[in-house]
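If you want the building blocks of each chain, they are given just below.
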Amino acid sequence: MPQVRVRFAPSPTGFFHIGSARTALFNWLYARHTGGVFVLRIEDTDKERNTEEFLNVIYDSLTWLGLNWDEGPKAGGGFGPYRQSERAPIYREYLAKLQAAGRTYEKDGAVYFKISGEPQVIDDAIRGRVERTEEKDFVICRSDGNPVFHFVNVVDDITMQITHVIRGEDHLSNTSKHTELFKAFGAPLPVYAHIPLILKQNGPGKMSKRDQGALVEEYQRRGFLPEALVNFLCLLGWSPKDDSEKMPIAEIIRRFDLPGINQTNARFDEKKLAHMNMTYLLEQPADRFVALARDYFQGQNVTAATAADPAYFRAVMLLSQPKIKGVEELPAYTVYFFIEDFPVDARVRDKVMAKGDPQARLRELAAALTTADFSSDTALEETIKATAAKNGLGFGDYQAVARLAVSGTNVGPGITGMFRVLGRERVLRRIERFLGAA
Ligand code: GLU
């Protein structure tokens with residue numbers, strides 16, 4: 001079998017949509033699975049809408065997702081140029097071929113392609129046999145001289161020797177035009193694989209770029225892990241036989257194949273994505289998690305955190321890693337580690353302060369903490385337990401008020417870890433301040 005050559009052919013519109021990312025991913029996976037070549041081709045014939053900035057959105061998103069291309073802009077390759085805006089001579093040459101074969105005519109300045117009118121049958125790798133007959137000749141070159149999508153798309157697939165066209169199902173209805181053109185050029189048809197649509201989270205209809213959560217850059221900005229998004233995306237329309245979900249990319253590459261792609265539409269599920277991201281976050285090595293957190297704090301301009309001592313920042317992040325669902329929760333979750341005038345949850349305060357004599361408990365605990373060993377969670381736990389036991393009370397009676405005094409809330413990492421990371425000085429200073437104000 002000749003080497004598989006697939007392509008991802010986005011039009012730079014300024015958005016890199018989840019649907020585009022999935023199409024790119026399926027092409028990339030198929031290339032990696034088969035040892036083939038993944039080509040990036042930019043369909044930028046619509047000059048007014050395309051800018052360099054829009055191109056960068058595509059390059060950046062693909063790079064962030066880890067979908068490296070073997071041929072294309074920046075990568076080079078033997079079938080370039082890879083931007084349609086730079087391929088005018090090739091299109092002229094191919095237009096001349098059709099003209100020489102008597103398959104074109106001009107009307108009102110536009111060049112029309114004379115269809116054969118025969119039924120166009122494809123054996124789609126996902127949809128099976130699809131038949132459609134073109135009924136009307138169609139424009140391949142506009143009166144302004146610009147060739148149209150169907151024509152350049154097919155010329156490029158022929159000249160770039162694309163073996164498999166894996167693309168969104170919205171293009172299925174174009175395929176009969178494309179196969180008409182392939183045949184007119186005497187070129188063999190590629191294998192087609194039309195991927196089912198992604199439905200919006202709520203309600204009927206296809207997910208559009210205006211839907212919430214539709215843009216890849218949004219996830220990047222929100223500190224998602226690209227491998228979590230990739231894992232989620234591959235399950236939008238594909239599933240391995242045993243319905244595994246979380247899989248390392250090497251396993252996905254090994255198991256991915258076109259027959260495993262479903263015919264039914266996939267529904268976007270942001271909760272599932274958030275959950276996938278959380279499971280990936282949990283298992284990140286410390287260095288990577290801390291780096292990810294730092295990027296996010298920097299992006300959000302949380303200077304109190306980014307200016308903090310790096311070892312302290314790291315300790316705070318590692319304490320939080322098992323507790324959060326996403327990196328974007330970190331600034332609020334860790335606020336009191338970095339500032340002294342942290343918010344105090346009034347409802348929590350009212351509840352905690354209504355029970356017994358919390359001030360007295362806090363005073364006892366503070367006394368015990370002056371000599372406690374702050375380097376060990378176990379030692380701190382023993383200190384709190386011993387103080388409670390002396391007064392015939394439980395750990396919880398002490399931890400709730402201590403937590404309130406030190407963090408202003410009742411949620412957060414375990415109190416002993418929190419004390420250890422904050423350190424004796426901060427903890428005692430906060431308790432004193434709290435007692436003074438209470
Ligand atoms: N530029 C087309 C698009 O953005 C690509 C179509 C194809 O993959 O053949 O949908």
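Coordinates for the structure precede this section.
Cut-off values and rules
Residues numbered from 1 in each chain as written. Predicted model: local features only at pLDDT ≥ 70, side-chain atom pairs only at ≥ 80, totals over all residues. Heavy atoms only, no water. Pairing = 2+ DSSP bridges. Helix = DSSP H or I, 4+ residues; strand = E, 2+ residues; numbered from the N terminus. Axes fitted to C-alpha atoms, helices over the stretch in contact; angles between N-to-C directions. Contact = heavy atoms within 4.5 Å. Expected span 1.5 Å × (residues − 1). Buried < 20%, exposed > 50% of the residue type's maximum accessible area, 1.4 Å probe, protein only. Parallel < 35°, antiparallel > 145°, perpendicular 65-115°, else oblique. Left-handed = near helix turned anticlockwise from the far one by under 90°. Nonpolar A, V, L, I, M, F, W, Y, C, P; charged D, E, K, R; others polar. Salt bridge = Lys/Arg side-chain N within 4 Å of Asp/Glu carboxyl O. Right-handed = clockwise from strand over helix to strand, strands pointing away. Polar contact = N/O pair within 3.5 Å; in protein donor to acceptor, adjacent residues only side chain to side chain. Near = heavy atom within 4 Å. Areas by Shrake-Rupley, 256 points an atom, 1.4 Å probe, with all protein chains shown as cover.

Spatially, the three strands line up as an open sheet ordered 3-4-7, and their pairing is antiparallel. Across the chains shown, the open sheet's two edge strands, defined by having one partner strand only, are strand 3 (104-107) and strand 7 (138-141). On average, adjacent strands in this sheet sit at an angle of 45° to one another, irrespective of strand direction. The sheet contact formed by strand 4 (residues 110-113) and strand 7 spans three bridges and is antiparallel. Considered in strand 7, the bridge of Phe113 is made with Phe138. Where helix 3 (residues 88-100) meets the sheet, its contacts fall on strand 3, strand 4 and strand 7, and the angle it forms with strand 7 comes to roughly 135°.

Compared with an ideal rise of 1.5 Å per residue, which puts 17 residues at 24 Å, helix 1 (residues 18-34) spans 24 Å between its outermost C-alpha atoms and is within 8% of the ideal. Of all 17 residues making up helix 1, 13 are buried, and the element is well covered by its neighbours. Gly35 occupies a position one or two residues after helix 1 and carries a positive phi of about 70°.

Right, let's get into the packing of helix 17 (residues 377-390) against helix 19 (residues 415-437). Look at helix 17 against helix 19: their axes get within 9 Å of each other, and the N-to-C directions meet at 115°. Compared by their axis directions, helix 17 and helix 19 come out roughly perpendicular. Two packed elements cross with a definite hand, and for helix 17 against helix 19 that hand is right-handed. Facing helix 17, whose interface residues are Asp377, Leu380, Glu381 and Ile384, helix 19 presents Ile415, Thr416, Gly417, Phe419 and Arg420. Among the residues forming the contact of helix 17 with helix 19, the class breakdown is four nonpolar, two polar and three charged.

Turning to the pattern of salt bridges, a few remarks are in order. Applying the stated criterion across every chain yields a total of 32 salt bridges. Across the pair Arg255 and Asp242 runs a salt bridge whose closest N-O atoms are separated by 2.7 Å. Of the two residues, Arg255 sits in helix 8 (residues 249-255) while Asp242 sits in the loop between helix 7 (226-234) and helix 8, which places them 13 residues apart along the sequence. On the basis of relative accessible area, Asp242 is assigned to the partly exposed category, the value being 49%. The closest approach of N and O atoms between Glu425 and Arg429, which form a salt bridge, is 3.7 Å. With a gap of four residues between them, Glu425 and Arg429 both fall in helix 19, about one helical turn apart. On the accessibility criterion, Glu425 (62% relative accessible area) is exposed. Among the ionic contacts, a cluster of salt bridges with common partners joins Arg7, Arg41, Glu43, Arg87, Asp156 and Asp157.

A few words on the pairing of strand 2 (residues 37-40). Taking every second residue as pointing to the same face, both faces of strand 2 are buried, with Val37 and Val39 on one and Phe38 and Leu40 on the other. Direction of pairing for strand 1 (residues 5-8) relative to strand 2: parallel, over a ladder of four bridges. By the bridge assignment, Val6 is partnered in strand 2 with Phe38. As for the winding sense of the linkage, the β-α-β connection from strand 1 through helix 1 to strand 2 is right-handed.

Of the consecutive residues Gly80 and Pro81, the connecting peptide bond is found in the cis state with omega at -5°. Position of Pro81 among the secondary structure elements: in the loop between helix 2 (52-65) and helix 3. At Gln161, a position not held by glycine, the phi torsion is positive, near 55°. Mapped onto the elements, Gln161 comes out in the loop between helix 4 (149-159) and strand 8 (164-168). Despite not being glycine, Asp243 shows a phi value in the positive range, around 60°. Tracing the sequence through the fold places Asp243 in the loop between helix 7 and helix 8.

Attention now goes to the side chain of Glu270. Assignment of secondary structure puts Glu270 in helix 9 (residues 270-282). In terms of polar contacts, Glu270 uses its side chain to reach the side chain of Gln212, at 3.3 Å.

Contacts to the ligand come from Arg7, Ala9, Ser11, Glu43, Phe149, Asn153, Arg167 and His171. A distance of 2.7 Å separates a nitrogen atom of the ligand from a polar backbone atom of Ala9. Between the ligand and Glu43, the relevant distance is 2.6 Å, taken from a nitrogen atom to a side-chain nitrogen or oxygen of the residue. Here the ligand has 300 Å² of accessible area as a free molecule, and 79% of this is covered by the chains. Its residues assigned to classes, the shell around the ligand comprises two nonpolar, three polar and three charged.

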